[in-house]
Amino acid sequence: MNLTHISLPQQEIPTHWYNIAADLPADAPLPPPLHPGTKQPATAADLAAIFAEPIIEQEMSTQRRVKIPEEVRAIYALWRPTPLMRAVRLEGVLQTPAHIYYKYEGASPAGSHKPNSAVAQAFFNKLAGTRRLATETGAGQWGSSLAMATQMFGIECVVYMVKVSFHQKPYRKLLMQTWGATVHSSPSDHTHYGQRVLREHPDSPGSLGIAISEAIEDTVSTPNTKYALGSVLNHVCLHQTVIGEEAIKQMERAGEYPDVIIGCAGGGSNFAGIAFPFLERNLRDGATTRMLAVEPAACPSLTRGELRYDFGDTAETTPLMMMYTLGHDFVPPKIHAGGLRYHGMSPLVSHLKKLGLVEARAYEQREIFDAAVQFARTEGIVPAPESSHAVKAAIDEAIAAKAAGEKRVILFNLSGHGLMDMTAYEAYLSGLM
Ligand SMILES: Cc1ncc(COP(=O)(O)O)c(C=O)c1O
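Keep in mind the model is a prediction, meaning the values are calculated, not measured.

(A) A look at the site of the ligand. Of all residues adjacent to the ligand, which total 18 residues, the nearest are S231, G266, S269, N270 and S415. Contact between the ligand and G266: an oxygen atom at 2.7 Å from a main-chain N or O atom of the residue. Taking 390 Å² as the accessible area of the ligand by itself, protein coverage stands at 98%. Looking at the shell around the ligand, the elements with two or more residues in it are α13 (269-285) and α17 (385-404). Residues that form the shell around the ligand fall into these classes: 4 nonpolar, 12 polar and 2 charged.

(B) Summary view of unusual backbone geometry. In the segment running from R80 into P81, the intervening peptide bond is cis, with an omega of -10°. Of note, the bond from S186 into P187 is cis; its omega dihedral lies within 30 degrees of zero at 10°. On the secondary structure map, P187 appears in the loop between β8 (182-186) and α9 (192-200). With a phi angle near 50°, Q95 is a residue other than glycine that sits in the positive phi range. As for its position among the elements, Q95 is in the loop between α4 (88-94) and β5 (99-104).

(C) Representation of the sheet that holds strand β7 (residues 156-162) within the structure. What the 4 strands build is an open sheet, ordered β8-β7-β6-β9; its pairing is parallel. Because the sheet does not close on itself, it has two edges, and the strands there are β8 and β9 (225-228). The mean inter-strand angle of the sheet, taken between neighbouring strand axes irrespective of direction, is 25°. Across 4 bridges, the pairing between strand β6 (residues 132-137) and β9 is parallel.

(D) Representation of the nonpolar core. If you look at the biggest cluster of nonpolar residues, it comprises 59 residues, and the most contacted ones within it are W17, F51, Y76, V119 and Y227. Each residue touching Y227, except ones within four places of it in the same chain, is listed here: I50, F51, L133, A134, T135, E136, I212, A215, I216 and T219. Core analysis: the next-biggest nonpolar cluster, separate from the first, contains 34 residues, I100, V294, F369 and A371 among them.

(E) Structural view of the sheet that holds strand β14 (residues 359-363). One open sheet accounts for 7 strands, arranged β1-β4-β5-β15-β10-β11-β14; its pairing is mixed. In this open sheet, the two edge strands, each paired with only one partner strand, are β1 (5-6) and β14. For β5 and strand β15 (residues 409-414), the ladder comprises 6 bridges, and the chain directions are parallel. Paired with H99 across the strands is V409, a residue of β15. In the packing of α17 onto the sheet, the strands contacted are β5, β10 (260-264), β11 (290-296), β14 and β15, and the crossing angle to β10 comes to about 150°.

(F) Representation of the packing of aromatic side chains in the model. Tallied over the entire structure, the rule returns 11 aromatic pairs. For the pair Y102 and F412, a centre-to-centre distance of 5.5 Å together with 25° between the ring planes defines the contact as stacked. Residue Y102 is found in strand β5, and its partner F412 is found in strand β15; the two are separated by 310 residues along the sequence. As far as the burial class goes, Y102 and F412 line up, both buried. Taken together, a centroid distance of 5.2 Å and an interplanar angle of 75° make the contact between F123 and F124 edge-to-face. Here F123 matches F124 in class, with each residue buried. An aromatic cluster of at least three residues, connected via ring pairs, comprises W17, F123, F124 and F153. A cation over a ring is seen here: K353 above Y324, with NZ or CZ 4.9 Å from the ring centre.

(G) Broad picture of the environment of K114. Looking at the secondary structure, you find K114 in the loop between β5 and α5 (115-127). Between the C-alpha atom of K114 and that of A404, which follows or precedes it by 290 residues, the distance is 36 Å. Excluding residues that lie within four positions of it along the chain, K114 makes contacts with Q141, W142, S145, G230, S231, Q240 and S269.

Rules behind the numbers
Residues numbered from 1 in each chain as written. Predicted model: local features only at pLDDT ≥ 70, side-chain atom pairs only at ≥ 80, totals over all residues. Heavy atoms only, no water. Near = heavy atom within 4 Å. Polar contact = N/O pair within 3.5 Å; in protein donor to acceptor, adjacent residues only side chain to side chain. Areas by Shrake-Rupley, 256 points an atom, 1.4 Å probe, with all protein chains shown as cover. Helix = DSSP H or I, 4+ residues; strand = E, 2+ residues; numbered from the N terminus. Nonpolar A, V, L, I, M, F, W, Y, C, P; charged D, E, K, R; others polar. Pairing = 2+ DSSP bridges. Axes fitted to C-alpha atoms, helices over the stretch in contact; angles between N-to-C directions. Core = buried A, V, L, I, M, F, W, Y, C linked by side-chain atoms within 4.5 Å. Buried < 20%, exposed > 50% of the residue type's maximum accessible area, 1.4 Å probe, protein only. Contact = heavy atoms within 4.5 Å. Phe/Tyr/Trp six-rings, centres within 6.5 Å; stacked < 30°, edge-to-face > 60°. Lys NZ or Arg CZ within 6 Å of the ring centre and 35° of its normal.

Here it is, written out as structure tokens:
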């Protein structure tokens, strides 16, 4: 029998996150974020209005390994290490010589990779004395993860949830409320910016860019409140590297090494999480694994966007970041992969793409659901619409390996399950997509 479930004991939960900023080529450092007013590099003091000090330190750090506090590891231990699975039934249906492995982040209580950073952010905010955190959420995965994490550390949580997802995914809202958070549909009338959007575009479906603007306005206008972002920024990518660090050990146990690593990319954090620790092997040990980020054709920042300084939000309140962007006022179509409806991309992932160290590909919505259903019918797990982008790319890579007659090893991140996304599956199965 082939091994299909490669687990690690709890003692093997990583002790450190990996910071790829330490290994960027010396002649190609990451361009710094700029202050939105002066257009000069943003300082720690500039960021202090919205972020707690330890978070800012991590955001700017170039230290290769950052210790994971024991309090964070203890909460990770509720579900980590997540399993590494081999999709032998899918391989069989595809009749491919490729071996397809996936890291299953849907095993967390919130159902995705997002708690890896939510727990860390809640912990460091607690340490810094933050009493309330404001955030945005697209599909609701990040909002529910932060709701759970803040509950565990006794911090209040308010979530601005993109309107289209608020209606498409009602159970996500209930999950956030179960974990004690307050949830607003964004654009909302709780902020001046939300009110303005509603006045100018009463039917706005919302976007992550708008919800971020609302959460930041809430942060700067409410005492004892800081802001938490679920993706894009360096510290979020850093926290997610527990995924790849575990996967390295699990691939060793499986006796294989990936030829290609795949992750879907909204703001870039789960892709970074699985790819960066392996990219360290490429950069320092001469490994040659390909890294593939996958995004929706409806919101193609990496494949069709421009690399330039842009705002992270619609109201132009965040620092400017050097990233692949579709423009901060871009409102993506109402695709079901709500977590991938972001106009920009992590500056780190953008930089690595520019340097040719990361590849990118975009897929249409229907084809990712074809792949998702094929995966569900062979492997059992129903993937989140976001994660289904990675599933589709893994299937295509396996088909390419078959065409080339090569036994390639494919590893992808199954960033979340889709059990709260069944209205999307309903649209697909009823032919309405
Ligand atoms: C299951 C899942 N995967 C992926 C993403 C995309 O985010 P990121 O690119 O930061 O991993 C989201 C965002 O909400 C998500 O919920």
